[in-house]
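# What the coordinates show
Now for the letters of each chain:
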Amino acid sequence: MADKQIRVGLLTSGGDAPGMNAVIRAVVRTADHFGMQVYGIKAGYEGLFKGEVQPLDPKEVTGIIHKGGTILRTARCLEMMTEEGQERAANILKVLKLDAVVVIGGDGSFKGAQALSKYGVGVIGIPATIDLDMDCTEYTIGFDTAVNTATEAIIRIRDTSSSHERCSVVEVMGRDAGHLATWCGLTGGAEEVLIPEYPMDEDSVIAQILSNRAEGKRHNLIVVAEGVGGSDALAKKIEKTLGIEARATILGHLQRGGIPTALDRMHATVMGYMAAKAIQEGDVNKAVVYRNGRHALIDLAEAIDAKEIYNPELYEITKILAI
């Protein structure tokens, strides 16, 4: 009697991130190599409740490695946050005879995966979020593309700022973490970076601008993390207090789109391969992470419970190089 074919569910959940399609491609092709069948679940957990599930074969993932977004679509699902919803989702997966599920997304997606594992569903989590706000890993898929996209916009804004001797306040995404803003501030040559990890009031920012002007600077670029917010109000206060032209720009979802960088595609491909291989070997309820320069599998519970203290070094470098 032939061995039973392993059936693998695959979904992208939460906010989209450049590189998700590269993960999908890697999972599907690796699974096919090992004789497994992948079933794509459309629109994340929401699509699972609606039964939007269909087989994926290697031909269907041809030419998607360089595409932004996700061909499976994604959504946030409130029902998956309840115990009733989690149990129903697990039962649906069992009815579909799916042996394991690969969940691509952020911390909320991982918590949904952990809930499924408690009902006997084998899961593998792959970290994908432009915010880099998952303490279990040093890299999340989509972060590099978002930094490059935002930095390019910041450099263009900086050119205008310097031409008009104005102050530009640029708000980037990141939810409650300052990683994206710190990287953008460092690579965009910002004079000031406001992040949740290091609160700074408006008066301190204005004092810094005055200090910069005393040093001969005639334009200032301030990068604000989404978790801090208030960019419009800050720009207005700078203009009113100092009498210099100030403009606020909120980059918003611009940072989520676009062709994923080679770095994002590389991490996505390796992580997708490792996820499918782990399922083939029966090593489930794990997360694929990047630590100390290597990709690794760790227990999903460990991934969710991980607490990393924010490293201020990059922020301090930004401050030192600002003047």
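Structure shown above.
Reference entry: report on the structure contained in this document. Fair warning: this is a prediction, and the values are worked out from it, not measured in the lab. (Residues numbered from 1 in each chain as written. Predicted model: local features only at pLDDT ≥ 70, side-chain atom pairs only at ≥ 80, totals over all residues. Heavy atoms only, no water.)

A few words now on the sheet that holds strand β11 (residues 294-299). Judged by pairing direction, the sheet is mixed, and its 7 strands sit side by side in the order β3-β2-β1-β4-β5-β10-β11 without closing on themselves. Unpaired on one side and paired on the other, β3 (53-56) and β11 mark the two borders of the sheet. Neighbouring strand axes in the sheet, compared pairwise and without regard to direction, differ in orientation by 30 degrees on average. In terms of strand pairing, strand β5 (residues 122-127) meets strand β10 (residues 286-291) through 2 bridges, oriented parallel. Its bridge partner lying in β10, Ile124 is registered against Lys286. (Pairing = 2+ DSSP bridges. Helix = DSSP H or I, 4+ residues; strand = E, 2+ residues; numbered from the N terminus. Axes fitted to C-alpha atoms, helices over the stretch in contact; angles between N-to-C directions.)

Moving on, we come to the environment of Leu132. Turning to its location among the elements, Leu132 is positioned in the loop between β5 and α5 (143-164). Using a relative accessible area of 11% as the deciding quantity, one classes Leu132 as buried. Separated by 174 residues in the primary sequence, Leu132 and Ala306 place their C-alpha atoms 14 Å from one another. (Buried < 20%, exposed > 50% of the residue type's maximum accessible area, 1.4 Å probe, protein only.)

To continue, consider the sheet that holds strand β8 (residues 220-225). Read from one edge of the open sheet, 4 strands run β7-β8-β6-β9, paired in parallel fashion. Only two strands of the sheet have a single neighbouring strand rather than two, namely β7 (192-194) and β9 (246-250). If you compare each strand with its neighbour and ignore which way they point, the axes differ by 15 degrees on average. When β7 meets β8, the two strands line up parallel, connected through 3 bridges. Residue pairing for β8: Val193 is matched across the bridge by Val223. Against the sheet, helix α7 (residues 202-214) touches β6 (167-172), β7 and β8, its axis set at about 155 degrees to β8. (Contact = heavy atoms within 4.5 Å.)

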